[in-house]
Amino acid sequence: MKIGLEKEFFLIQDNKPVVIPEDLQPDDSGLLTEARSQPFESPEEAVFSLQADIYKLQNKVNLRKMQLSDAPIMKIDRETRLLASRRFVKGLTKYQNLYDIKYHKNKLNEVTAGIHISFTSPKTYFDKNNQIGYYNSMFDWVQIFRKLDKEFELEIKTTKRNPGFYELKSDGRIEYRSLPSNINLNKIIEILRKII
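What counts as what
- Residues numbered from 1 in each chain as written.
- Predicted model: local features only at pLDDT ≥ 70, side-chain atom pairs only at ≥ 80, totals over all residues.
- Heavy atoms only, no water.
- Salt bridge = Lys/Arg side-chain N within 4 Å of Asp/Glu carboxyl O.
- Helix = DSSP H or I, 4+ residues; strand = E, 2+ residues; numbered from the N terminus.
- Buried < 20%, exposed > 50% of the residue type's maximum accessible area, 1.4 Å probe, protein only.
- Polar contact = N/O pair within 3.5 Å; in protein donor to acceptor, adjacent residues only side chain to side chain.
- Contact = heavy atoms within 4.5 Å.

Some details on the pattern of salt bridges
Right, on to step 1. Following the criterion strictly, the structure yields 15 salt bridges and no others.
Right, on to step 2. Here Lys194 ties to Glu151 by a salt bridge, and the two come within 2.9 Å at their closest N and O atoms. One end of the pair, Lys194, is in helix α5 (residues 185–195); the other, Glu151, is in helix α3 (residues 141–151), with 43 residues separating them in the sequence.
Right, on to step 3. Taking the relative accessible area as the measure of exposure, Lys194 reaches 56% and is therefore exposed.
Right, on to step 4. Its salt-bridge partner being Glu167, residue Lys169 comes within 3.1 Å of it at the nearest N-O pair.

Quick notes on the side chain of Asn97
Right, on to step 1. Note on placement: Asn97 falls in strand β6 (residues 96–97).
Right, on to step 2. Within the structure, Asn97 has its side chain in polar contact with the backbone nitrogen of Ile101 (distance 3.2 Å).
Right, on to step 3. Side-chain polar atoms of Asn97 contact the backbone oxygen of Pro163, separated by 2.7 Å.
Right, on to step 4. Ignoring any residue separated from it by four or fewer positions in sequence, one finds Asn97 in contact with Pro163, Gly164, Phe165 and Tyr166.

That is the geometry; function is a separate question.
Structure (structure tokens):
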């Protein structure tokens, strides 16, 4: 199994969140910037790959005299949200919830930032021409996500989030989406080593 991580941040200038410039890895909404790991089989390598991308992103942000914030929730004023919606097109909502919860507990003027963990189970095969191919096979991800919900129950609850959020990606990745952005990365290593 391979693990990849994505950590979202708010970008702060003059003590307020701003729309993310194109060169600072904006998400689809334009209100969050993202650092991403490469996929690895070990949680340690995935987390340290994420930390390397955070380091690179932090250096770019420092050059602009701005700050990254990994606050799990932040109020975004109407003007900033309008500006973001003029520059970015957020696509269809594709996430779902294991427990039929529709959304997190944030208000309409609040935006949440999280850490998303992607899981894949890559397999190889030989086609009719004896060429090697690759695909991501199914695995019992529901049990992994339930265990993550339990292990991070307090962190999820205290940051206006809900357990059980996930998204199925078109390339076969399955992304767990309930963790807040300020989770201790060492705890992620510890918990993933225990449950997978």
